[in-house]
Number of protein chains: 2
Amino acid sequence: MRKVAIVGIGQTPVGEHWDASIRMLAADAVQAALDDAQVKTVDALYVGNAYGASFSSQSQIGALVADYAGLGGIEAFTCEAGDASGGAALRTGYLAVASGAVETALVIGVEKSSDTVSTAHVRARNVSLDADFEAVHGATLPALAALLMRRYMHEYGVDLSAFENFSINAHANGGKNAKAMYRNQIKPGAFARAPMVSDPINLFDSAPDADGAAAVILTTAERAADLVPTPVEIIASAAATDTMTLHERSNLLHLRAVASSVAKAYQQAGVANGDIDLFELHDAFTIVSALTLEAAGFATPGEGWRLAKDGQIGLTGALPISTFGGLKSRGNPVGATGIYQAVEAVLQLRGAAGANQVANARIAMIQSLGGLASTAITHILSV
Amino acid sequence: MRKVAIVGIGQTPVGEHWDASIRMLAADAVQAALDDAQVKTVDALYVGNAYGASFSSQSQIGALVADYAGLGGIEAFTCEAGDASGGAALRTGYLAVASGAVETALVIGVEKSSDTVSTAHVRARNVSLDADFEAVHGATLPALAALLMRRYMHEYGVDLSAFENFSINAHANGGKNAKAMYRNQIKPGAFARAPMVSDPINLFDSAPDADGAAAVILTTAERAADLVPTPVEIIASAAATDTMTLHERSNLLHLRAVASSVAKAYQQAGVANGDIDLFELHDAFTIVSALTLEAAGFATPGEGWRLAKDGQIGLTGALPISTFGGLKSRGNPVGATGIYQAVEAVLQLRGAAGANQVANARIAMIQSLGGLASTAITHILSV
């Protein structure tokens, strides 16, 4: 199995791109990644996209982007796992290069969330839930996350304020990221007063859907050493699943797919929790951050929120998370988010993160979740 | 790079399954494949599905199927390339096993076309065309294929009857396949009298959208030899793309992605046209079959239809195609079709094709197309 490294990165700003279509966003990120790696083309393109069909009436985005970005007939297709689509595409690119079938692969995540708005957006977004047992009854991702959060608060006797530091941290970091969607700061106490979205999940708790595209270029670690000064190696790539629906889980507060994919990743990389210098987790809601920290072994059950409360998740803390703002402040261009995480982790490991730099970052973990962790895809990157 | 073999196959009948959902069809095919390989579980699941979001309001089908089929938390995600989704999933499974990351992978194709009907079906089906330059103007796949067919007839001076033998052959073979959707025979001359769908494409020319699921189990060739009496090796796996839209092609009648993916596949496998014992091509329309035979090098430009006319595509011909009925008679459960092709090729290579058997079949080529060959994914299988 060949070792795989990232030699190029590109990203568009995250936000509402009313003047750009899927192909335009994607081509911008592709060009930025090609420029960064100083290569002219690649052998294959794997696209992470979650809602092209339902947001934009557009699938077969692999061929679309290969064509529009001028990549001239190369292999291309799309990988989809709901909101974990970016992770799925990254894993496919990793497998392609690791196998020896492909020398250089471009992995791009792209989403055009603003192609639908209002209730049509909610319906389009709901396709990644269980159509027959969740979406048909009107459940939405925030509504289901709210059930988890309420249960957590009940089970562990914590109130809303336990979660506010996740959002405060995300916006503190996103405020310094020129690509982030919401760069405003959240003041202590403001979280508790924010308008409810799906009680107890409020406006300052929910990550915003957004438009954006991000890209990474993968090649063998051997070739990478000749190409760029700081290749970033992918030292683990692991995926796992859980039940689609919450009602089938024996323990609502244990994210089994997170635990399983992290365990597999640690085994592959030969690392443990203490080795992770930063963790770009899927902070779609603060409850997901808390449960992820617990399932990944950074905190015992019921204690994940304390890492935020105690300031350990900041850039200078024991476990920095959402270092460029995360889904909450950088924004959540859904199928692209997993690739934004990869781009941000590479910036950290190159020491090129500027005001968002985590000092001496050597090992970064990134994780894409689909649904409420029905799919979890984890990668560990290292310099 | 590890060699990869198919050790298990499963398929549901193709047709209108009003009583079964995506997950039910998929689970039936999964169970059949597990039974066939005599294994209890696998390490990963890759799903080919083209229109889950637009037909069935269901994405994240990897996790859904892994869950419902009782595969207990394994890695799973979906691969999509329009109508070439089955091929994309097969390629991903191949890469996963070839790389060494995964020991045993289940690749399933599933589609529930009957979840939408009438004009809603047309809209849902159109997402794999170019949304901004084709679908928005009301173009459909049959309408675009009709443009190609008209151009072919004009350019090469042939009439409709040049194409009828593709459909006659498909139904002759499909009539003997218990899993096929339409087992009726098409009589010579009936083709020319069939009602028009999109002139000159008529009812007997167009492959019917259908429901169905098919599955194959992949593992290393080394392990396969211990597991089953007749492992079928995947000796080539190759993908390529072309422009999304017809109007950007310099030569409308050359399917560039077909030519490119076949060339790559031949190079990997070390075979040539003359070595192919049967070819499961993407016969969504007879014009696509003719153009595919030409682009793949089995006929010179303008002569592809002669292979049909001269009876060379039959089970005892020089190049059998659509040996179980192809998309036209077996039916086109879109994202599943590429995996049906794999299942059928394995049956042929095992010598287990019954009345559909191609004598002494040793090398089979299968090919999935997205759009009008905007994506082409080719595999070559061998015993």
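Residues numbered from 1 in each chain as written. Chains lettered and ligands numbered in written order. Predicted model: local features only at pLDDT ≥ 70, side-chain atom pairs only at ≥ 80, totals over all residues.

1. With respect to the overall build of chain A
Of the regular secondary structure elements, chain A holds 14 helices and 11 strands. Here chain A has a C-alpha radius of gyration of 19 Å; the compact-globule value for 383 residues is 21 Å, and the two agree. When its C-alpha atoms are laid out on the principal axes, chain A stretches across 55 × 45 × 40 Å. Partitioning the intrachain contacts of chain A with sequence separation of at least 6 by distance along the chain shows that 78% fall at a separation of at least 24. (Helix = DSSP H or I, 4+ residues; strand = E, 2+ residues; numbered from the N terminus. Rg over C-alpha atoms; globule rule 2.2 N^0.38 Å. Contact = placed C-beta atoms within 7 Å.)

2. Observations concerning the domain arrangement of chain A
Residue and element names in this part refer to chain A. With domains assigned, chain A is organised as domain 1 (4–118 + 210–232) and domain 2 (138–207 + 235–382). On a C-alpha basis, the centres of domain 1 and domain 2 stand 23 Å from each other. Put simply, the parts of the chain that give the side of domain 1 that touches domain 2 at least two residues each are β1 (4–11), α4 (85–99), β4 (104–112) and β7 (211–220). Split by residue class, the side of domain 1 that touches domain 2 holds 21 nonpolar, 12 polar and 4 charged. (Domains from an automatic or database assignment. Nonpolar A, V, L, I, M, F, W, Y, C, P; charged D, E, K, R; others polar.)

3. Some words on the interface of chain B and chain A
Put simply, an interface is often sized by how much accessible area is lost when its parts join up. Of the residues lining the interface, 52 residues belong to chain B; the matching set on chain A comes to 52 residues. The set of elements that each furnish at least two residues to the side of chain B that touches chain A consists of α2 (52–56), α3 (61–68), β3 (75–80), α4 (85–99), β8 (232–241) and α10 (256–269) of chain B. Here the residues of the side of chain B that touches chain A sort into 23 nonpolar, 22 polar and 7 charged. Taken together, the 3 bridges between strand β3 (residues 75–80) of chain A and β3(B) define a ladder with antiparallel strand orientation. Considered in β3(B), the bridge of Glu80(A) is made with Thr78(B). (Pairing = 2+ DSSP bridges.)

4. Some words on the environment of Gln60(A)
Structurally, Gln60(A) is set in the loop between α2 (52–56) and α3 (61–68). Residue classification places Gln60(A) among the buried positions, given that 32 C-beta atoms sit within 10 Å. It is 9.5 Å that separates the C-alpha atoms of Gln60(A) and Val47(A), two residues lying 13 residues apart in sequence. The residues touching Gln60(A), leaving out its near neighbours within four places in the chain, are Ala81(B), Gly82(B), Ser128(B), Gly370(B), Gly371(B), Ser374(B) and Thr375(B). (Buried ≥ 20, exposed ≤ 12 C-beta atoms within 10 Å, placed from the backbone.)

5. Focus on the nonpolar core
Judged by nonpolar contacts, the single largest core of 280 residues is most densely connected at Ile108(A), Val65(B) and Ile108(B). Among the elements that take part in this core, helix α14 (residues 334–350) of chain B stands out by supplying 10 residues, more than any other. Look past the residues within four positions of Ile108(A) in its chain and what remains in contact with it is Ala26(A), Ala29(A), Val30(A), Leu45(A), Val47(A), Gly48(A), Val65(A), Ala213(A), Ala215(A) and Ile339(A). (Core = buried A, V, L, I, M, F, W, Y, C linked by C-beta atoms within 7 Å.)

6. Side note on helix α6 (residues 141–156) of chain A
Each full turn of the α-helix corresponds to 3.6 residues, which orients residues three or four apart in the same direction. Residue and element names in this part refer to chain A. Along its 16 residues, α6 runs 22 Å from first to last C-alpha, staying within 8% of the 22 Å computed at 1.5 Å per residue. Every buried residue belonging to α6 is among Leu-141, Leu-144, Ala-145, Ala-146, Leu-148, Met-149 and Tyr-152, and all of these are buried. On its buried side, α6 packs onto β5 (196–198), β6 (201–202) and α11 (286–295). Count one or two residues on from α6 and you reach Gly-157, which has phi positive near 65 degrees. (Expected span 1.5 Å × (residues − 1).)

7. Some details on the pairing of strand β7 (residues 211–220) of chain B
Residue and element names in this part refer to chain B. Among the 10 residues in β7, 9 count as buried, and that is most of the element. Alignment of strand β4 (residues 104–112) against β7, held across 9 bridges, turns out to be antiparallel. Looking at β7, one finds that Val-107 is bridged to Val-216.

8. Quick notes on the relation of the copies chain B and chain A
Laying chain B over chain A is done by rotating through 180 degrees and shifting 0.0 Å along the axis; what remains is an RMSD of 0.0 Å. Seen this way, the second copy is the image of the first under a two-fold rotation axis. Rotation axis and chain B: the residue whose C-alpha lies nearest the axis is Ser99(B), separated from it by 1.8 Å. Most of the interface of chain B is mirrored in chain A: 100% of its interface residues are interface residues there too. (Least-squares fit on C-alpha atoms with pLDDT ≥ 70 in both.)

9. Some points on the packing of α4(B) against α14(B)
All names here are of chain B. One way to put it is that α4 packs onto α14 with a least axis distance of 5 Å and a crossing angle of 60 degrees. By the criterion of interaxial angle, the relationship of α4 to α14 is oblique. In contact with Ser-85, Gly-86, Gly-87, Ala-89 and Leu-90 of α4, α14 contributes Gly-335, Ala-336, Thr-337, Gly-338, Ile-339 and Ala-342. Split by residue class, the contact of α4 with α14 holds 5 nonpolar, 6 polar and no charged. (Axes fitted to C-alpha atoms, helices over the stretch in contact; angles between N-to-C directions. Parallel < 35°, antiparallel > 145°, perpendicular 65-115°, else oblique.)

10. Comments concerning unusual backbone geometry
Of note, the bond from Asp199(A) into Pro200(A) is cis; its omega dihedral lies within 30 degrees of zero at 10 degrees. Relative to the elements of secondary structure, Pro200(A) occurs in the loop between β5 and β6.

11. Quick notes on α3(A)
Residue and element names in this part refer to chain A. Burial of α3 is extensive: 7 of the 8 residues sit out of reach of the surface. Buried residues of α3: Ile-61, Gly-62, Ala-63, Leu-64, Val-65, Ala-66 and Asp-67, and no others. Two residues or fewer after α3 comes Gly-70, characterised by a positive phi angle close to 75 degrees.

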